[in-house]
Amino acid sequence: MTDTLSAPAVLATPAAPATAALAHFTARLSFETDVSDVHADLEADAPGLVVLDTRSRAAWDLGHVPGAVHLPTAEIPRRGAAAVPPGAVAVTYCWGPGCNGATRAAAAFARLGVPVKEMTGGYEYWVREGFPVRTATGLVRRPADGLTAPPGDIGCAC
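In what follows, the accompanying structure is described.

Conventions used here
Residues numbered from 1 in each chain as written. Predicted model: local features only at pLDDT ≥ 70, side-chain atom pairs only at ≥ 80, totals over all residues. Heavy atoms only, no water. Helix = DSSP H or I, 4+ residues; strand = E, 2+ residues; numbered from the N terminus. Buried < 20%, exposed > 50% of the residue type's maximum accessible area, 1.4 Å probe, protein only. Contact = heavy atoms within 4.5 Å. Polar contact = N/O pair within 3.5 Å; in protein donor to acceptor, adjacent residues only side chain to side chain. Core = buried A, V, L, I, M, F, W, Y, C linked by side-chain atoms within 4.5 Å.

This paragraph deals with the environment of M119. Tracing the backbone shows M119 in strand β5 (residues 116-120). For M119, a relative accessible area of 1% puts it in the buried group. Beyond its immediate stretch of four places on either side in the chain, M119 contacts T33, D34, V35, V38, V65, V91, T92, Y93 and W126.

Shown next, in the form of C-alpha cells:
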C-alpha cells in the first residue's frame, strides 16, 4: 500500500536548480547527438561532420549508415586523426544502446584532440527509425518501428 501523503518517487531526490540543469543538459548535448539529427545532416549534406562506424568489418558488411566511414575502435589511435579533417567533428556509432563501443571510440578520438560526439542509439536505432542502410546489394530500408519512430509523416518535433 502506498502512503499518499509521502513525496512522489520522482521527487524523493529533489530536482536540481534550473541553472545546474541547464549546465547538465547542455553538456550532454555537446557530447551526444541522435540518429534523427545525424540523418537530417547527412541528407542535407551538412558540412563539418564525419560519421564513423566503429564496428568490425563483418558488422559493417551487414549494413551501415550511408556516408559513414568504417574505422574500428582499435584502429582509431593509428588512423583516427587522418579520418577527420581539421575543423570537422567526429560522430561515432556502434551497435546500439546496449553497447558502449561508440563511447570507447569517442574517447579514443578525444585522446587525439579530435572534437567528437556519440550518436546515441547507434546502428540499432538508425535501423529502427526506418533510415536506409548500405549493404553489399545497395540501399536497404526496413519499416520504422512504431515504438521508436511515429508512423507516417508524424514527427516528434523534438
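It is worth spelling out unusual backbone geometry at this point. Trans peptide bonds make up most of the peptide bonds, and negative phi angles are found at most residues other than glycine. Of note in the backbone geometry, D45 takes a positive phi value of approximately 55 degrees without being a glycine. Relative accessible area serves as the criterion here: at 65%, D45 is assigned to the exposed category.

A few words now on the side chain of H70. Along the chain, H70 turns up in strand β3 (residues 69-70). With relative accessibility at 13%, the residue H70 sits in the buried group. A polar atom in the side chain of H70 sits 2.9 Å from the backbone oxygen of R55. Among the polar contacts listed, one links the side chain of H70 to the backbone oxygen of S56, at a separation of 3.4 Å. The residues touching H70, leaving out its near neighbours within four places in the chain, are D53, R55, S56, R57, W60 and R79.

This brings us to the nonpolar core. Counting residues in each nonpolar core, the largest one holds 14 residues, and the members touching the most others are V38, V51, V65, A68, Y93, M119 and W126. Mapped by element, the contributors of at least two residues to this core are α2 (35-43), β4 (89-93) and α6 (122-128). Tallying contributions element by element places α6 first for this core, with three residues. Contact partners of V38, with chain neighbours within four places excluded, come to T33, V51, V91, M119 and W126. Counting residues in each nonpolar core, the second largest holds 13 residues, with L71, A88, A106 and V114 among its members.

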